[in-house]
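For reference, the chains in residue letters:
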Amino acid sequence: MTADLLTNRQPLRPAVYIVGAGPGDPDLLTLKAYKILSQGDVILYADSLVPPQILEAVRPDAEVIQTASKTLEEILPIMIDRVKSQQSVVRLHSGDPCLYGAVQEQMQALLAADIPIEVVPGISAFQLAAARLQVELTIPERVQTIILTRISGRTHVPEAEELSSLAAHQASLCLYLSARHIEAAQAKLLAHYPPTTQVAICFRLGWPDEQIWVVPLTEMAQTTRHQKLTRTTLYLISPALDPEQQNGRSRLYHPDHDRLFR
Ligand SMILES: C[S@@+](CC[C@H](N)C(=O)[O-])C[C@H]1O[C@@H](n2cnc3c(N)ncnc32)[C@H](O)[C@@H]1O
């Protein structure tokens, strides 16, 4: 069945396809992302965020453009020009494009230039982190909320979303883009999470050199510095990581639960 799905392809219409590449492992591309990637005439990607193995599916004659050193003002005319020449353009983003992908301004500029776009979701880093750790981030009676956030850096986080106020919820907190400011993040988290809270420090999930350290919150910054982590690192801070807390039971598959709600 999978072979049929892969070979049964409609030609791509000229448009910009904003595609989530997932965290790095090509097996974690969606089927749709894979199909579009293997058909696109032009592929734009930031080599600092997307590993080269993701490009294995790309046509040998496709035009591949690295964007890490380019500004939006340089990237946009390339996309617009290629679509106007009837080509399909794939703009790859790591993980899911709707998270810290700087896609909003791209989409607005493309639509303003009458360029059709299609967005294809991808698996975000926090989802692969939970899979690797074999944890559910929403354990009944323990934690039922997931927060995806970052600490203020060059991009300012609105005051109402300050890390210390989000920490007060003691939810499963997925911290993106924060390795360079990890001391400040640790101090803000310790204002509310118990010091023994387990933190998974996840470096390059899905890349060949993936590494994960699980440490108490008090060692989050020290481990980050010791391992010289500055980028492509996701922090998962959660009561769900505490081995003694993993014994909650959902009502969903309980024998007393009405099957209509499954
Ligand atoms: C520009 S953001 C892009 C996030 C992406 N859109 C996503 O959904 O995962 C880059 C940040 O995402 C996290 N990240 C993305 N891919 C990762 C990976 N493979 N392993 C660990 N962290 C990752 C890191 O916090 C990194 O600093």
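Residues numbered from 1 in each chain as written. Predicted model: local features only at pLDDT ≥ 70, side-chain atom pairs only at ≥ 80, totals over all residues. Heavy atoms only, no water.

Engineer: Provide a residue-level description of the layout of surface pockets, including the pertinent values.
Structural biologist: Of the volumes computed, that of the largest pocket is approximately 1500 Å³. Together, 46 residues line the largest pocket, and Leu49, Ser94, Tyr100, Leu177 and Arg231 are the ones closest to its centre. At the level of elements, helix 3 (72-84), strand 4 (89-93), helix 4 (104-112) and strand 10 (233-237) are the ones that each hand at least two residues to the lining of the largest pocket. When residues in the lining of the largest pocket are grouped by element, the largest group, three residues, is from strand 4. Split by domain, the lining of the largest pocket shows at least three residues from each of two domains, domain 1 (2-120) and domain 2 (125-245). (1 Å grid on protein atoms, 1.4 Å probe; cavity = no way out; pocket = protein on both sides within 12 Å on 5 of 7 lines; lining within 4 Å. Points joined across faces, edges and corners; volume = space filled by probe spheres on them. Helix = DSSP H or I, 4+ residues; strand = E, 2+ residues; numbered from the N terminus. Domains from an automatic or database assignment.)

Engineer: Could you give me a rundown of the packing of helix 3 against helix 4, with the residues and numbers involved?
Structural biologist: Put simply, helix 3 and helix 4 touch, their axes get as near as 11 Å, and they point 45° apart. In terms of orientation, helix 3 and helix 4 fall into the oblique class. For the pair helix 3 and helix 4, the sense of crossing is right-handed. Two secondary-structure elements touch here, helix 3 through Leu72, Leu76, Met79 and Ile80 and helix 4 through Glu105, Gln106, Ala109 and Leu110. Residues that form the contact of helix 3 with helix 4 fall into these classes: six nonpolar, one polar and one charged. (Axes fitted to C-alpha atoms, helices over the stretch in contact; angles between N-to-C directions. Parallel < 35°, antiparallel > 145°, perpendicular 65-115°, else oblique. Left-handed = near helix turned anticlockwise from the far one by under 90°. Contact = heavy atoms within 4.5 Å. Nonpolar A, V, L, I, M, F, W, Y, C, P; charged D, E, K, R; others polar.)

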